Amino acid sequence: KAGVTQTPRYLIKTRGQQVTLSCSPISGHRSVSWYQQTPGQGLQFLFEYFSETQRNKGNFPGRFSGRQFSNSRSEMNVSTLELGDSALYLCASSFSRGTGNTIYFGEGSWLTVV
Amino acid sequence: QKEVEQDPGPLSVPEGAIVSLNCTYSNSAFQYFMWYRQYSRKGPELLMYTYSSGNKEDGRFTAQVDKSSKYISLFIRDSQPSDSATYLCAMSGDQAGTALIFGKGTTLSVSS
């Protein structure tokens with residue numbers, strides 16, 4: 001059974017640009033969440049999508065957005081990139097909503113903003 | 001005060017040692033407790049999952065939750081060099097949504 005797949009794995013962008021990251025959840029999983037990981041702040045929750053609707057959102061500015069498609073695949077977008085957006089962006093999937101569900105992470109997308 | 005506190009280490013032990021990793025938390029609403037292992041430049045891998053208080057054992061790993069003290073632990077028996085990684089505790093409340101609150105992680109090094 002394939003795990004959570006994230007693309008691209010590594011990318012470099014310039015300040016002011018925007019970036020789109022993609023996530024394919026485990027087959028059958030309908031909930032997709034995104035997290036940002038940095039050395040200073042650790043892992044922080046960005047948002048969660050279920051049935052193509054954002055269900056929960058962390059404390060990040062509006063430059064961070066996402067969406068989910070009917071096949072449960074998800075994308076996140078960061079506009080007007082800042083140096084501080086350099087991080088590992090992790091996608092996680094679970095079968096359903098609710099914290100009783102086991103959550104599995106992908107390998108992440110490494111974003112460097114220069 | 002951060003919601004979840006975890007000593008970042010690094011923690012260095014010889015092969016075969018028993019390792020104890022710990023997290024404390026402040027939010028009494030947390031009901032679900034997890035331990036993830038993360039190798040360098042990889043995504044977190046779920047190791048243990050516990051609901052409410054109590055112990056859970058899986059092979060060389062034992063997770064303990066003490067809700068009265070707001071304290072959780074992960075014990076690794078007979079540690080191996082392959083256990084060298086960063087260990088992250090994570091927790092969440094008993095409500096819809098999958099927003100996990102993570103500790104900063106403890107870096108473990110097991111030498112052969």
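Quick note: structure is the one above.
Everything numeric here is computed off the predicted structure, so don't read it as measured data. (Residues numbered from 1 in each chain as written. Chains lettered and ligands numbered in written order. Predicted model: local features only at pLDDT ≥ 70, side-chain atom pairs only at ≥ 80, totals over all residues. Heavy atoms only, no water.)

A. The interface of chain A and chain B, seen in detail. Facing 28 residues of chain A, the contacting portion of chain B comprises 22 residues. Counting the surface lost from both chain A and chain B, the interface buries some 2000 Å², and carbon and sulfur atoms represent 54% of this. Inspection of the region where chain A meets chain B yields 1 salt bridge. Note that Lys42(B) and Glu107(A) form a salt bridge whose closest N and O atoms lie 3.4 Å from each other. Where chain A meets chain B, there are 6 residue pairs in polar contact (both at pLDDT 80 or more). Mapped onto the side of chain A that touches chain B, the elements with two or more residues apiece are β4 (31–38), β5 (42–50) and β9 (87–94) of chain A. (Contact = heavy atoms within 4.5 Å. Buried area = accessible area lost by both parts, 1.4 Å probe. Salt bridge = Lys/Arg side-chain N within 4 Å of Asp/Glu carboxyl O. Polar contact = N/O pair within 3.5 Å; in protein donor to acceptor, adjacent residues only side chain to side chain. Helix = DSSP H or I, 4+ residues; strand = E, 2+ residues; numbered from the N terminus.)

B. Representation of unusual backbone geometry within the structure. Note that the residue after Thr7(A), namely Pro8(A), is joined by a cis bond; omega there is -10°. Note the cis peptide between Gly9(B) and Pro10(B), where omega equals 10°. Looking at the element boundaries, Pro10(B) is found in the loop between β1 (4–6) and β2 (11–14). The phi torsion at Glu52(A) lies on the positive side, around 65°, for a residue other than glycine. The class for Glu52(A) is partly exposed, based on a relative accessible area of 47%. (Buried < 20%, exposed > 50% of the residue type's maximum accessible area, 1.4 Å probe, protein only.)

C. The arrangement of the state of the cysteines in detail. A complete count under the given rule lists 2 disulfides over all chains for this structure. A sulfur-sulfur separation of 1.8 Å characterises the disulfide bridge that pairs Cys23(A) with Cys91(A). Taking the torsion about the sulfur-sulfur bond, which here is approximately -65°, the covalent link between Cys23(A) and Cys91(A) counts as left-handed. Highlighted residues: Cys23(A) in strand β3 (residues 19–24) and Cys91(A) in strand β9, separated in sequence by 68 residues. The class of Cys23(A) is buried, set by a relative accessible area of 0%. Each disulfide pairs two cysteine sulfurs, and for Cys23(B) the partner residue is Cys89(B), the sulfurs being separated by 2.0 Å. When the S-S torsion is -100°, as for the bridge of Cys23(B) with Cys89(B), the disulfide is left-handed. Separated by 66 residues along the polypeptide, Cys23(B) in strand β3 (residues 19–25) and Cys89(B) in strand β9 (residues 85–93) bring together distant segments of the chain. Of the residues examined, Cys23(B) reaches a relative accessible area of 1% and is grouped as buried. (Disulfide = S-S within 2.5 Å.)

D. Up close: the sheet that holds strand β1 (residues 5–7) of chain A. Residues and elements named next belong to chain A. Across the sheet, 4 strands lie side by side as β1-β3-β8-β7; this open sheet has antiparallel pairing. Since the sheet does not close on itself, it has two edges, and those belong to β1 and β7 (64–68), each with one partner. Sheet twist, expressed as the mean angle between neighbouring strand axes with direction ignored, is 20°. As judged from the 3 bridges shared by β1 and β3, these two strands associate in the antiparallel manner. Opposite Thr5, over in β3, you have Ser24 as the bridge partner. (Pairing = 2+ DSSP bridges. Axes fitted to C-alpha atoms, helices over the stretch in contact; angles between N-to-C directions.)

E. Quick look at the pattern of salt bridges. All names here are of chain B. All chains considered together, the criterion is met by 8 salt bridges over all chains. Salt-bridge contacts for Arg77 lead to Glu57; the nearest nitrogen and oxygen are separated by 3.4 Å. In this pair, Arg77 is assigned in the loop between β8 (71–76) and β9 and Glu57 in strand β6 (residues 54–58), connecting sequence segments 20 residues apart. When its relative accessible area of 29% is taken as the criterion, Arg77 is described as partly exposed.

F. Main features of the nonpolar core. Trp35(B), Ile72(B), Leu74(B), Ile76(B), Tyr87(B) and Met91(B) are the most contacted members of the largest nonpolar core, which totals 24 residues. Those elements that provide at least two residues to this core are β3, β4 (30–38), β5 (45–51), β7 (61–66), β8, β9 and β11 (106–111) of chain B. Look past the residues within four positions of Met91(B) in its chain and what remains in contact with it is Val4(B), Tyr25(B), Phe30(B), Tyr32(B), Phe33(B), Met34(B), Ile72(B), Ala99(B), Leu100(B) and Ile101(B). The next biggest cluster of nonpolar side chains, apart from the first, holds 21 residues, and it includes Val4(A), Leu21(A), Trp34(A) and Val78(A). (Core = buried A, V, L, I, M, F, W, Y, C linked by side-chain atoms within 4.5 Å.)

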